[in-house]
Amino acid sequence: MTNLGQVKVSPRDQQVLNLLVQGCSNKELGDQLNISPRTVKQHLRMLFLRAGVLDGRKWVKLARLSGKA
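Note that this is a predicted model, so its numbers are computed, not measured. (Residues numbered from 1 in each chain as written. Predicted model: local features only at pLDDT ≥ 70, side-chain atom pairs only at ≥ 80, totals over all residues. Heavy atoms only, no water.)

1. Comments concerning the confidence of the model for the protein
Close reading of the predicted structure is inappropriate where its pLDDT is low.
Here comes step 1: Of the residues in the protein, 71% have a pLDDT of 70 or more, and the chain-wide mean is 79.
Here comes step 2: Per-residue pLDDT, averaged within each element of the protein, yields its smallest value for helix H4 (residues 58-66) (65) and its largest for helix H2 (residues 26-33) (94). (pLDDT = per-residue confidence, 0-100. Helix = DSSP H or I, 4+ residues; strand = E, 2+ residues; numbered from the N terminus.)

2. Overview of the packing of helix H1 (residues 11-21) against helix H3 (residues 37-51)
Here comes step 1: Packing of H1 against H3 brings their axes to within 10 Å, and their N-to-C directions diverge by 95 degrees. The angle between H1 and H3 places the two elements in the roughly perpendicular class. Residues Arg12, Asp13, Val16 and Leu20 of H1 lie in contact with H3, whose contacting residues are Val40, His43, Leu44, Leu47 and Arg50. (Axes fitted to C-alpha atoms, helices over the stretch in contact; angles between N-to-C directions. Parallel < 35°, antiparallel > 145°, perpendicular 65-115°, else oblique. Contact = heavy atoms within 4.5 Å.)

3. Observations concerning the environment of lysine 27
Here comes step 1: Of note, lysine 27 is situated in helix H2.
Here comes step 2: Note on lysine 27: relative accessible area 52%, which makes it exposed.
Here comes step 3: Sequence separation between lysine 27 and proline 37 is ten residues; the distance between their C-alpha atoms is 5.2 Å. (Buried < 20%, exposed > 50% of the residue type's maximum accessible area, 1.4 Å probe, protein only.)

4. Describing the environment of glutamine 42
Here comes step 1: With respect to the element layout, glutamine 42 can be found in helix H3.
Here comes step 2: Placed 29 residues apart in sequence, glutamine 42 and aspartate 13 show a C-alpha to C-alpha distance of 9.9 Å.

Structure below.
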């Protein structure tokens, strides 16, 4: 697993990550960012891949890596 600080994170990825850490669902994320839940999933999938999060509680691991949790 990679330190998220070493992973390229776009401004939109950061917005998704911030809302994820607040506990928002994909639908809530999409509603707040005016994107579809499917687009939210794509952002999360790319963040997981870049951070090397391949199994388990992906959201928890990603949040911990971000330093927000």
